[in-house]
Amino acid sequence: MHKILICQKTLEEIKKKISSPLFTDTFRLGNHFTRSRKLKMKQVIYYLFYSSKASMNLNISNIRDDIPKIKFPNVTKQAVSKARKGIDPKLFKDLYYFSVKTYYKLCKQRKTWKGFHLFAIDGSCIQVPKSKDNIEYFGLCKNKFHSREDAMARVSLLYDLLEDIVVDGSVNDYRYAERSSAQKHLEYLETAGLANRAILLFDRGYPSYDFFKRIAEKEYHYLMRIQGNVKSLTELDCNDEITNYTPIQRKGDEPVKVRVVHVTLDDGTDECLVTNLTDPSITPEMLKELYFLRWGIESKYFELKNQLELEEFSGSHHLSVEQDFFINLLFMNLCSLIKSESDNCITRELKNKKNKFQYQANRAYIIGRLKKYLVLMLCGTKQIVSALNQLLEEAIKRRSQIQPNRKCKRPRIQLRHRHLNNRKTCM
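Source: prediction; values computed, not measured. (Residues numbered from 1 in each chain as written. Predicted model: local features only at pLDDT ≥ 70, side-chain atom pairs only at ≥ 80, totals over all residues. Heavy atoms only, no water.)

## Section: unusual backbone geometry
The backbone of Asp164 sits at a positive phi, close to 60°, despite the residue not being glycine. With respect to the secondary-structure elements, Asp164 resides in the loop between strand 3 (149–160) and strand 4 (165–173). Its identity is not glycine, yet Glu309 carries a phi of approximately 50°, on the positive side. Structurally, the position occupied by Glu309 is in the loop between helix 12 (295–307) and helix 13 (318–349). Of the residues examined, Glu309 reaches a relative accessible area of 35% and is grouped as partly exposed. (Helix = DSSP H or I, 4+ residues; strand = E, 2+ residues; numbered from the N terminus. Buried < 20%, exposed > 50% of the residue type's maximum accessible area, 1.4 Å probe, protein only.)

## Some thoughts on helix 14 (residues 363–379)
Here helix 14 is 17 residues long and its end C-alpha atoms lie 24 Å apart, about the 24 Å a rise of 1.5 Å per residue gives. The largest bend in helix 14 amounts to roughly 35° and is located at Tyr373. Turning to helix 14, its buried residues number three or more, namely Arg363, Ile366, Ile367, Leu370, Tyr373, Leu374, Val375, Leu376, Met377, Leu378 and Cys379. Where helix 14 starts, the residue carrying a side-chain oxygen 3.0 Å from the main-chain nitrogen of Ala364 turns out to be Asn362. (Expected span 1.5 Å × (residues − 1). Bend = angle between axes of the 7 residues up to and from the residue. Polar contact = N/O pair within 3.5 Å; in protein donor to acceptor, adjacent residues only side chain to side chain.)

## As for the pattern of salt bridges
This model, assessed by the stated rule, comprises 21 salt bridges. Across the pair Arg259 and Asp240 runs a salt bridge whose closest N-O atoms are separated by 2.9 Å. Of this pair, Arg259 sits in strand 8 (residues 256–264) while Asp240 is found in strand 7 (residues 240–245), placing the two residues 19 residues apart along the sequence. Given a relative accessible area of 31%, Asp240 falls into the partly exposed group. One salt bridge connects Glu303 with Arg363, and the closest N-O pair in it is separated by 3.6 Å. With Glu303 in helix 12 and Arg363 in helix 14, this pair connects stretches of sequence that are 60 residues apart. Taken individually, Glu303 and Arg363 each receive the classification buried, so the pair is uniform in this respect. Residues joined in a network through salt bridges with shared partners are Asp122, Asp203, Arg225, Glu271, Arg294 and Glu298. (Salt bridge = Lys/Arg side-chain N within 4 Å of Asp/Glu carboxyl O.)

## As for helix 6 (residues 90–106)
Think of an α-helix as 3.6 residues a turn; residues three or four steps apart then line up on the same face. Over its 17 residues, helix 6 runs 24 Å from end to end, which matches the ideal 24 Å to within 8%, given 1.5 Å per residue. Of all 17 residues in helix 6, twelve are buried; the element is thus mostly enclosed. When we look at burial in helix 6, the residues that qualify are Leu91, Phe92, Leu95, Tyr96, Tyr97, Phe98, Ser99, Val100, Thr102, Tyr103, Tyr104 and Leu106.

## With respect to the environment of Asp168
Structurally, Asp168 can be placed in strand 4. Taking the C-alpha atoms as reference points, Asp168 and Leu157, separated by eleven residues in sequence, lie 5.8 Å from one another. The contacts of Asp168, once residues within four sequence positions are left out, are Tyr96, Tyr97, Ser156, Leu157, Leu158, Lys184, His185 and Tyr188. Side-chain polar atoms of Asp168 contact the side chain of His185, separated by 2.8 Å. (Contact = heavy atoms within 4.5 Å.)

## Considerations on the environment of Arg398
Along the chain, Arg398 turns up in the loop between helix 15 (384–397) and strand 11 (399–401). The class for Arg398 is partly exposed, based on a relative accessible area of 43%. Along the sequence, Arg398 and Asn362 sit 36 residues apart, while their C-alpha atoms lie 6.5 Å from each other. If sequence neighbours within four positions are ignored, Arg398 has contacts with Asn362 and Tyr365.

## A short note on the nonpolar core
Counting 135 residues, the largest nonpolar core has Phe49 and Phe202 as the members making the most contacts within it. Looking at this core, the element that brings in the most residues is helix 13, giving 14 residues. Residue contacts for Phe202: discarding those within four places in its chain leaves Ile121, Ala182, Phe211, Ile215, Tyr222, Leu223, Met224, Arg225, Tyr291 and Arg294. (Core = buried A, V, L, I, M, F, W, Y, C linked by side-chain atoms within 4.5 Å.)

## Quick notes on the side chain of Ser320
By secondary structure assignment, the location of Ser320 is in helix 13. Look at Ser320 and you get buried, because its relative accessible area is 4%. Side chain to side chain, Ser320 and Arg84 meet in a polar contact 3.4 Å long. Setting aside residues no more than four positions away along its own chain, Ser320 makes contact with Arg84 and Gly315.

## Comments concerning the pairing of strand 3
Where burial is concerned, most of strand 3 is hidden: eleven out of the twelve residues are buried. Across nine bridges, the pairing between strand 1 (residues 117–127) and strand 3 is antiparallel. Paired with Ile126 across the strands is Ala153, a residue of strand 3. By the bridge criterion, three bridges tie strand 2 (residues 140–142) to strand 3 in an arrangement that is antiparallel. Looking across to strand 3, one finds that Leu140 is bridged to Ala151. Bridge analysis of strand 3 against strand 4 gives eight bridges, and the strand direction is antiparallel. Of the residues in strand 4, the one forming a bridge with Val155 is Val171. With antiparallel pairing between neighbouring strands as the criterion, strand 3 and strand 4 make up a hairpin whose turn holds four residues, including Asp164 at a positive phi of roughly 60°. (Pairing = 2+ DSSP bridges.)

## Looking at the environment of Lys213
For Lys213, the position within the fold is in helix 9 (residues 209–217). A relative accessible area of 27% places Lys213 in the partly exposed class. Between the alpha carbons of Lys213 and Cys141 there is a distance of 32 Å; along the sequence they are 72 residues apart.

What is shown is where atoms sit, not what they do.
Next comes the structure, spelled out in structure tokens:
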């Protein structure tokens, strides 16, 4: 099925869910929205999908002007802040998971690498508003470059590298272990029926004896980069060797069979990769190519933090943080479907043309336009089919040049931008 049709089906069902009190009342916290108030629960949901990174006062005025159909009342920002605390973030989490399930149910032909489906798991830290509630719920982190303390949360994503879909996501206490998040991602992957013929890609923060053993017991395939201080693996005699690994401090434990491969990067750096893909037909060069594909999840974090500006949260309560997080994951998946369909159309259009470069749809443009159209489609102001076709047509025309082998030096020391609630954009 075409990706744009999957997006259409997803939006149509989300529209029905939001309009159904049987669905929304399930996520009502306490006695909120039980009495007759100016703000209805559905209006607050629309507001959260609509709100930009501007101030709340501007967002309230803009939603009243742009979408008169939802009859958003002329209320104060304090009223909106209080009302959104009555909505369980699981509502948006449920809608996000619904988008994932719908995609894999309707997508009959998925891309593969050597017959395998590729998934990357990675964690990151995000700065949340420094309120008393967030400090208690997520924790404080001292910046290593100066003495300032910030409220921080730890997020983790499970990402389908070839389909460009965020399959699972979590936001937790800053001190929450990345491997614990990864374990929950693996459980969800199995529950969703996506674990068959899957290869899991990890960065160097995940390898450990217990993690190797746990994944091996589940019969998953994996590829990880390992740190140089694990000398029992990194200092083997051969650059491609299968060995039985047990940490020095756990010599009595049952060893885990792993394959250790050394690959040389373009700048001459030696990288050590560990995998349980022992098939000799999968060469070290192929494993190097495979690990390079993991960069897709780093690009997804760039999209989440910089293009969607996740850290410019629309509220200072931990419920607001979780609401914004799952809204953004849902939004990323919808954008991915539109971009994928646009890219296919661009490829077909340029197939017989002798262009010097290849082109793709501009993801930033799609994000901006979908943000404008989303609530209009969900509330019925715009028909979903016509709005998506218009967006698709625009995205095909606003294409960007693909620059092959592009490399940017990654800054190793950088001060974090400080996100302040009293310094919101006016645009």
